[in-house]
Structures are given as structure tokens and as C-alpha cells.
Amino acid sequence: MSDIYWDMDFDVAVVGAGHAGIEAALAAARMGARTALFTLSLDDIGNMPCNPAIGGPGKSQLVFELDALGGEMPRAADAAGIESRTLNLAKGPAVHSLRVQCGRADYHRYMKLALERQPGLQLIQDEVVEITVREGRVEYLLGAMGHRVRARAAVICSGTYLGGKIFVGDFSRQSGPDGSLAATRLAASLLRLGAPLRRRKTGTPARVLRRSVDLSRLEVQPGDPEPTPFSSLTDPRSLCNSALCYITYTNPETHRIIRENLHRSPLFGGAIEGIGPRYCPSIEDKVVRFPDRQRHQIFIEPCGEDTEELYLQGMSSSLPLDVQYRMYRSIAGLERCEITRPAYAIEYDCVDPLWLSPTLMSKTVEGLFGAGQFCGTSGYEEAAAQGLVAGANAAALALGREPLVLTRDSSYIGTLIDDIVTKGVKDPYRMMTARSEYRLSLRQDNADLRLAPTGHRLGLLDQRRWEIFLQRKQQLSRELERLRSTKIPPSPRLRELLTGLGQNPPEQPMALSELLRRPGVSYGVLRELDPGPAPEGAVSRRAEIELKYEGYLKRQQNQIQRQARMEGALLPTGIDYLSITGLRTEAAQKLSEIRPLSLGQASRISGVNPADMAVLAVWLERYRRRKEE
């Protein structure tokens, strides 16, 4: 580290320019905070070292929420998209999930330019090696080359770079993803500040050259005929599917090669200490855990239109290079594959998220925030979601504004943050639709209705996005009113349509809304009978969902209101839980460690049971009465 510094003064400093750091820096700058963004290399901004795709189940909901809050990931995914598919269309709307395959280099270029053009944001290529604290508050960030940045708040978005170490068989070295530099000294500084660091692991498959793959032997997985954009600013007519993805499978020979070489895997040999992601295991882990499976699905996906590299989704590994060649070449279509980048596992440091509050700020160091894989999560979308919240709260702290805390009933982002800071994580956390108890209300199609007012209030949602939101909200309101008030009389065509769907035709005039609620009746059926003007496709889809699931949504809204009363029962700071009579010792210890903000958050802590909650509720009521007296 240099002994001669170049002093700089900012409101917020962000460490790391991956998906979390990008959103954190943009959010802070857009809120008016003077912001610095450190990165080990400008060429790694917005890197997609794993699959270059955005979205999927649970993840697309996060991306649509980012768009409603003014985030940049949705626009970047649309701009760099080369194939778009909506998943789970055969299931209910709660799990409909958009997924977009992106050009990796295009995504990087888009994000780098967005950062460069953002007023109030300065990019700095340097490694942050120390964070200094004075009187419990962040003071300086020191760079290895000599930058000394004074900041009111710092956001750590270190991804897999912090203490990064890669493994390919017996080979290992300190490294970030894709052979980039690792951040080797910041962890020691964080430990001195009391951060409870943990070791985690993830991996990525090999990339192979397209010309060496026999695409004729693969199943084609085409995109949607009419791609759906993530961002409200993107004109759907500007999107097109210019690439194809493919599917192939492992086989018993693949599994034999893997089993015979498990002793050469650092994962099973003990060289890797970090805990890996439960829902994205390596191929050797899948073969061991599911010995009866005859095959595992492999998605072969392009890394962009400006490269011939293909990504082998589902085949991450840390096996030696010679085993990788034999393993991959045993798979149909890959018999002559040429590996451009071997698969590898990577270990890295992250923090126990129980150290963080729901604002993503440390409970012990004022102004020190975390986001992304630093907080124990996995995935680009999870990182970006946390980055926006952490950046907004860092700016709010620096500028003296109210913090942003999103609730579970408002968003998947709120669910994600509440899960990690309340329950902690044992392995890298991945968002799924099943994690939300309110998923029917938290659909990807209504994210703007839920969050755009918050984004506008914070200053994150620009005027153009806000006007688009107001226009769509008005269109939806008018369409719902029209459907409820317009009635159609019985007719031979109506009888024919309903009889064909197994429905009893009405004897009296029926409102279009009542007709649309019937099973099997969609807007497509309705258009044959409806004389009114056809609304925009997104508006009609949203109106149909709102009407078909109206009863379920009302029931869930009642559930949300009951829980909101628990969330509104705020717990005072500094409670001595061990002194509360009737509270079990385990519960008191967990409550003392996590320091929940409300009874609602306390109820979700592992080790706090209903009897403990009853005791805590009685104590809180008595506390309130004493305060009033």
C-alpha cells in the first residue's frame, strides 16, 4: 500500500463494480450523493462470469422490481438480450418468470457507459485495502495505489473477489472469477472492524467453441415469438430473438468418468473449505447426491453474438482438466468439443448477514453497508436488488434522509433482505418464488404498482419512467372498470364458445368481468364478444390476472394486513431480552443477537416460538403503557 495518498472527499464510496456495486453506485448518485465507485479493473464492470443470463423463477420478479425502483439491470438486460423466454406459462401467474440470455460483452459495455455518464459518480480503478473507522463511524477508504477517500458511508460489493481462490483439480491460486485479480487485503481490515467473515464457494462450467459442437444432435430451445421487455422504457417492438439455446444430457458414461475421478476433485478431497450453493451444485456433487439418476439436463447457451463461446449450464465442476475433457466429450453433441475456458470452483469471503440490519448497514459500524455475495447470497439479480437498497440507504445516511426498508409483503426484494438479516444463511442464498408467502400478490407483472411510488419518492425513478407508470396505471384502472360495467347479452356465439369450454351459457346479460373469471375463458375468447377497444397487451394480461384471482388476492390482502400490524409493532432499541420474565433463554439469546425492529421480524427468527412471541407481545404492551404514563 502506498504511503503517499491522493485525498478525495465523497458522500458514499462503493467497493466493487459487479451487479451489486453498479446498482449501489447509481442509486446513491441519483439520490444526489457524491459517489465514488472502486473497481479492481474497469474491464470487469458488470462481468457475467457464470451464465450470461438475467431472470428466471424468483429472479425475474427481482428484476421487474428493480425497474420499478429505477434500477439499471432491466434496461441493460433488454439492450444486451439475444434470446428471451417466459418460463412456467403452464402454471399460475405467480410463477411466470421472464429469462433473457444476454451478450456478455454487450452487457459489460452498456453498464460501463451507464456509470461513466452518471452525474455525481466517479470511477476509480484501485484495490481498496483498508476501511478506517472513527468513533464507530466509517471515515476513510484506502486504496493500494494511493487513493484515500473520505466518505460518510461505504458499501461493500466484493462479489467473489474478496479472498478469491480458484480450483481446477490440484491447481489452485488466488484469483477472482475468470482469472481476474483477487482482493487480498480488505478481509483483514473487515475482521479488525468486527465483521464475522465466512468462507463460501461457487463454481462455473467450462466454455466451449461453437464450431466444435455438433448442434444437430441437440434439442433446440427457441425464444418467445414476441419477446417481453424487463424495462418499462423498452419498446417491445425493438426486441428480437437473434440466438438459440440448446439442450443435451449427461449419461451413464459421463457419470462413470466423474465417479472414478472423485478422489481428484478438490471438493471431495478437502481442499475446498467453503460451503457451496445448495440449488446450483457442481456436476460431481449431483452425481454423488443422486446416484440413481441416469442423466442430468445441460443447457448450451451462447455467450453473445460477438463470440463463438458457448456456456454449458448445469455442468459446473472443479475436476482436473483431463477429466473435464473426457467428461464433456462423453455427452451427445460435445464429442469433439474444444474447451476455451475450463470449469473451476472459486472460494471467497463473505459476511454473516446477521451482522446487518434491514437497511443492510452493519449493526456495529455506522455507515458500513454490504450487498450481493458479500452478504451470503448468490446470483446477479439478488446482488443487484441488494445493491440498490444498500446504495439508497448509504445515500440517505449521508444526506440525512429516512432509510429505505422494503417489507416482505411489498416485494421479493424485501423478502430477500428480511430472510438473510433475520434468519442468516448457511449456504449461498438464492431467491425462489417459494420463498415468498405473498407470491400471488408479488407478481412480475405488477411490480410497478407496488414499488414505482417508492422509487419516485426516493428520486431513483426518473420523470419519463414515472409518467409511463402513471399512464399504465390509468389504463389498467379504465380497463377494469370497463370490464365490470360492460355487459353482453346471451347469443348463439356466446353459447357456442362456453359450451365448447364445458361451461353453462348464461340466461341473462353477463358482465365481461364475470365472463373472464370463468375457467378457460381468456382475453382471446373475450375478444370475439367484446365490442370495446383492445387495450395494450401488458394491460390486458394484468387485468385478466386481477379479475381471475380477485378472491384469492383479497384473501391474501387480509393476511398482509394482519401481518402489517405485527410489523408496525416496533420494538425499542436496547432491550435486555435476557431480563424478560417468561422468555426462553434460546429465544432471548437469538433476539439479543439479531435485534429485530418489530414483532413481525421477531416472529421469523429461528428459535423464537409462538409462546416466546406471546411473552414478548405482553412485555411490549406493558412497556408502551409505562411510556404513556
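Residue positions within a chain follow its written sequence, with the count starting from 1. At least 70 in pLDDT is required for a residue's local features to be given in this predicted model, at least 80 for side-chain atom pairs to be given and counted, and no such filter applies to totals for whole chains, interfaces and linings, which use all residues. Heavy atoms throughout the structure, all of them, feed into the side-chain values; hydrogens and water do not.

S.K.: Could you clarify how one ought to interpret unusual backbone geometry in this entry?
M.R.: Most peptide bonds take the trans configuration, and most residues that are not glycine carry a negative phi. At Asn88, a residue that is not glycine, the phi angle is positive and equals roughly 65 degrees. Helix numbering and strand numbering both begin at the N terminus, where a helix is a DSSP run of H or I of at least 4 residues and a strand a DSSP run of E of at least 2. On the secondary structure map, Asn88 appears in the loop between strand E5 (81-87) and strand E6 (97-102). Exposed residues in this analysis have more than 50% of their type's maximum accessible area, buried residues have under 20%, and partly exposed residues fall in between, with area computed by a 1.4 Å probe over protein chains only. The class of Asn88 is partly exposed, set by a relative accessible area of 25%.

S.K.: For this particular structure, what's the right way to read the pattern of salt bridges?
M.R.: Oppositely charged side chains can pair when the atoms bearing their charge come close. Between Lys or Arg on one side and Asp or Glu on the other, a salt bridge is scored when a side-chain nitrogen of the former is within 4 Å of a carboxyl oxygen of the latter. As enumerated under the stated definition, the model contains 49 salt bridges in all. We note a salt bridge from Glu567 to Arg604, for which the minimum N-O separation is 2.6 Å. Taken together, the residues Glu567 in helix H18 (residues 550-568) and Arg604 in the loop between helix H20 (599-603) and helix H21 (610-628) connect sequence positions 37 residues apart. For the pair formed by Glu567 and Arg604, the shared burial category is buried.

S.K.: What am I meant to see in the sheet that holds strand E20 (residues 339-341) here?
M.R.: Two modes of strand pairing occur in sheets, parallel and antiparallel, and in both the strands are linked by backbone hydrogen bonds. Two strands are counted as paired when DSSP detects at least two bridges linking them. Spatially, E16-E17-E18-E19-E15-E20 is the arrangement adopted by the 6 strands of the open sheet, whose pairing is antiparallel. Bordering the open sheet on either side are strand E16 (219-221) and E20, each of which pairs with just one other strand. Neighbour-to-neighbour, the strand axes of the sheet open up by a mean angle of 35 degrees, direction not taken into account. Alignment of strand E17 (residues 245-249) against strand E18 (residues 297-302), held across 4 bridges, turns out to be antiparallel. In the strand pairing of E18, Tyr249 is matched with Gln297. Note on geometry: axes are C-alpha line fits, over the in-contact stretch for helices, and angles between N-to-C directions span 0 to 180 degrees.

S.K.: What am I meant to see in the nonpolar core here?
M.R.: Considering soluble globular proteins, one finds that nonpolar side chains tend to be buried as a cluster. To form a nonpolar core, buried Ala, Val, Leu, Ile, Met, Phe, Trp, Tyr and Cys residues must be joined to one another through side-chain atoms within 4.5 Å. Residues Ile54, Ile131, Val155 and Leu368 are the most contacted members of the largest nonpolar core, which totals 102 residues. At 12 residues, helix H10 (residues 380-399) tops the list of elements feeding residues into this core. In this description, contact between two residues means that some pair of their heavy atoms is separated by no more than 4.5 Å. Apart from the residues lying within four places of it in its own chain, the contact partners of Ile54 are Met48, Val63, Met73, Ala77, Leu98, Arg99, Val100, Cys102, Tyr107, Phe230, Tyr380 and Glu381. Among the nonpolar cores identified, the runner-up in size contains 24 residues, and Tyr246, Leu312, Met315 and Cys337 belong to it.

S.K.: Would you take a moment to explain the sheet that holds E5 for this structure?
M.R.: Taken in spatial order, the 3 strands line up as E4-E6-E5 in an open sheet, and their pairing is antiparallel. Edge strands, defined here as strands with exactly one partner in the open sheet, are strand E4 (53-55) and E5. Adjacent strand axes in the sheet meet at a mean angle of 15 degrees when their direction is disregarded. The strands touched by helix H2 (residues 59-69) are E4 and E6; relative to E6, the strand with the most contacts, the crossing angle is about 85 degrees.

S.K.: Hey, could you run me through helix H19 (residues 585-594) in this one?
M.R.: It helps to recall that an α-helix has 3.6 residues per turn; residues three or four apart then point in one direction. Every buried residue of H19 is listed here: Ala587, Ala588, Leu591 and Ile594. Along the axis of H19, the buried positions cluster into a sector of 145 degrees, meaning they face one direction only. Check the buried side of H19 and you find it contacts helix H11 (412-423), H20 and H21. Remark: Arg595 follows H19 within two positions and exhibits a positive phi of approximately 55 degrees. Here, the arc refers to the directions that run from the helix axis to the C-beta atoms.

S.K.: Looking at this structure, I do not really get the layout of surface pockets. What am I missing?
M.R.: Gaps left between atoms are located by rolling a probe of water-molecule size over the structure's atoms. Each pocket or cavity is described by its volume, and for the second largest pocket that value is around 1200 Å³. Points on a 1 Å grid, built from protein atoms alone, make a cavity when a 1.4 Å probe fits but cannot get out and make a pocket when they are open with protein on both sides within 12 Å along at least 5 of 7 lines; residues with an atom within 4 Å of a point are the lining residues. As for the second largest pocket, its lining consists of 46 residues, and the residues nearest its centre are Thr228, Asp445, Gly537, Ala538 and Arg541. Among the elements of the structure, H2, helix H12 (447-458), helix H13 (463-485) and helix H17 (537-548) are those that each provide at least two residues to the lining of the second largest pocket. When residues in the lining of the second largest pocket are grouped by element, the largest group, 8 residues, is from H17. When grouped by side-chain class, the residues that make up the lining of the second largest pocket number 20 nonpolar, 11 polar and 15 charged. Grid points are joined across faces, edges and corners, and a volume is the space filled by probe spheres set on the points. The classification used treats Ala, Val, Leu, Ile, Met, Phe, Trp, Tyr, Cys and Pro as nonpolar, Asp, Glu, Lys and Arg as charged, and all other residues, Gly among them, as polar.

S.K.: How should the side chain of Asp427 be read in this particular structure?
M.R.: Turning to its location among the elements, Asp427 is positioned in the loop between H11 and H12. Of note is the side chain of Asp427, whose polar atom sits 2.9 Å from the side chain of Arg278. Apart from the residues lying within four places of it in its own chain, the contact partners of Asp427 are Arg200, Ile275, Gly276, Arg278 and Gly376. Two N or O atoms form a polar contact when they lie within 3.5 Å of each other; inside protein one atom must be a possible hydrogen donor and the other a possible acceptor, and for residues adjacent in sequence the pair counts only when both atoms belong to side chains.

S.K.: Would you mind going over the packing of aromatic side chains with me for this structure?
M.R.: For any pair of aromatic rings, the description rests on two quantities: the centre-to-centre distance and the angle between the ring planes. To pair, rings of Phe, Tyr and Trp, with the six-membered ring standing in for Trp, must have centres within 6.5 Å; the planes then decide the type, stacked if under 30 degrees apart, edge-to-face if over 60, and tilted in the middle. Tallying each qualifying case throughout the model produces 4 aromatic pairs. Residues Trp466 and Phe469 carry aromatic rings whose centres are separated by 5.2 Å and whose planes lie at 35 degrees to one another, so their mutual orientation is tilted. Taken as a pair, Trp466 and Phe469 lie in helix H13 at a separation of 3 residues, close to a single helical turn. Aromatic side chains Tyr549 and Tyr552 sit 6.3 Å apart centroid to centroid with 50 degrees between the ring planes, which places their arrangement in the tilted category. For Tyr552, a relative accessible area of 49% corresponds to the partly exposed category. Placement of a positive charge over a ring is assigned whenever Lys NZ or Arg CZ falls within 6 Å of the ring centre and within 35 degrees of the normal to the ring plane. The ring of Tyr140 has Arg148 sitting right over it, with the charged end atom 5.6 Å from the ring centre. The positively charged end of Arg435 is found above the aromatic ring belonging to Tyr429, 4.1 Å away from the centroid.

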